[in-house]
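Okay, here's what each chain looks like letter by letter:
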Amino acid sequence: MADIGANVARVRARIAEAAARRSRRPEDVTLVAVTKTVTPERIREAMACGLRVFGENRVQEARDKIPAIAGASWHLVGSLQRNKVKEALRLFEMIHSVDGLPLAEEISRRALQAPGHPVDVLIEVNISGEPQKHGVSPEDTAALVSGAVRLAGIRLRGLMGMAPAVPRPEDARPFFRSLRELRDRVRGEMPDVALDELSMGMTDDFEVAIEEGSTMVRIGRALFA
Ligand SMILES: *Cc1c(COP(=O)(O)O)cnc(C)c1O
């Protein structure tokens, strides 16, 4: 069994070092502990080590787990089907994986019927261009942002992206940089849209992602494996 306390300390130190390399403050990078396949007991242990923000990638798995854990903030980091939106809104404070206007519209519609709206959302961009990856294409991102930002009940906070599997973390850098540059470009076209959050970086590449401007790292294995 992994020593979660030691892992949390190590990951936090690595986040701080990566942030410092860019004169960024460590507290400007949110650690989202990804708990797919992690048991509620271990999640509570992680909370005892100071973690508060957790990510799940499937509504189904989260539905059974989240109610067993009090006092945490939950993010949906995996893809969301429209027929699961209502359930997702009961469970999650932020959805990282909005990849089209129909999904954004459904979230808006359901959020307006639910207590606790608006819900925070990120637009997932397919920065690797791999066909099996989710996300809107970089070319279509500005159009989706301009559509989503008009919807009531949702608060568009930024973009999310995933680098492809690469042999060295350094090889992920151009993908993260492209997401930040895309965000800057879209923000240039729509100055009233904040897009402050960049959800990028996982166990194998989070330090490079932070150097490229990540504000949310989604980390599973480095904490729980
Ligand atoms: C599993 C998962 C993560 C965490 O991956 P690790 O490599 O274990 O850090 C991050 N984001 C998403 C969308 C995931 O499904």
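The structure under discussion appears in the preceding block.
Keep in mind that what you see is a predicted model, and the values were worked out from it rather than measured.

Undergrad: How would you sum up the site of the ligand? Please name residues and give values.
TA: Every residue lining the ligand is accounted for by Val34, Lys36, Asn57, Val77, Met162, Met202, Thr203, Arg218, Ile219, Gly220 and Arg221. With respect to the ligand, the side chain of lysine 36 contributes an N or O atom lying 2.7 Å from an oxygen atom. Take arginine 221: an N or O atom from its side chain is 2.7 Å from an oxygen atom of the ligand. One can see that the ligand is located within the largest pocket. Of the residues belonging to the shell around the ligand, the class tally is 5 nonpolar, 3 polar and 3 charged.

Undergrad: Tell me about the layout of surface pockets, and please be specific about residues and values.
TA: Volume-wise, the largest pocket comes out at about 460 Å³. If you trace the largest pocket, you find 25 residues lining it, with Val34, Lys36, Asn57, Val77 and Met202 closest to the centre. For the lining of the largest pocket, the secondary-structure elements that each account for two or more residues are β5 (119–125), β8 (216–219) and α9 (221–224). In this structure, the second largest pocket encloses a volume near 200 Å³.

Undergrad: So, the pattern of salt bridges: which residues are in play, and what are the values?
TA: In total, this model carries 26 salt bridges according to the counting rule given. Among the salt bridges present, the one from glutamate 56 reaches lysine 65, with a minimum N-O distance of 2.8 Å. For the pair formed by glutamate 56 and lysine 65, the shared burial category is buried. Three or more residues are tied together by salt bridges with common partners; here these are Arg21, Arg22, Glu170, Arg173, Arg177, Arg180, Glu211 and Glu212.

Calculation notes
- Residues numbered from 1 in each chain as written.
- Predicted model: local features only at pLDDT ≥ 70, side-chain atom pairs only at ≥ 80, totals over all residues.
- Heavy atoms only, no water.
- Near = heavy atom within 4 Å.
- Polar contact = N/O pair within 3.5 Å; in protein donor to acceptor, adjacent residues only side chain to side chain.
- 1 Å grid on protein atoms, 1.4 Å probe; cavity = no way out; pocket = protein on both sides within 12 Å on 5 of 7 lines; lining within 4 Å.
- Sits in = over half its atoms within 2 Å of the grid points.
- Nonpolar A, V, L, I, M, F, W, Y, C, P; charged D, E, K, R; others polar.
- Points joined across faces, edges and corners; volume = space filled by probe spheres on them.
- Helix = DSSP H or I, 4+ residues; strand = E, 2+ residues; numbered from the N terminus.
- Salt bridge = Lys/Arg side-chain N within 4 Å of Asp/Glu carboxyl O.
- Buried < 20%, exposed > 50% of the residue type's maximum accessible area, 1.4 Å probe, protein only.

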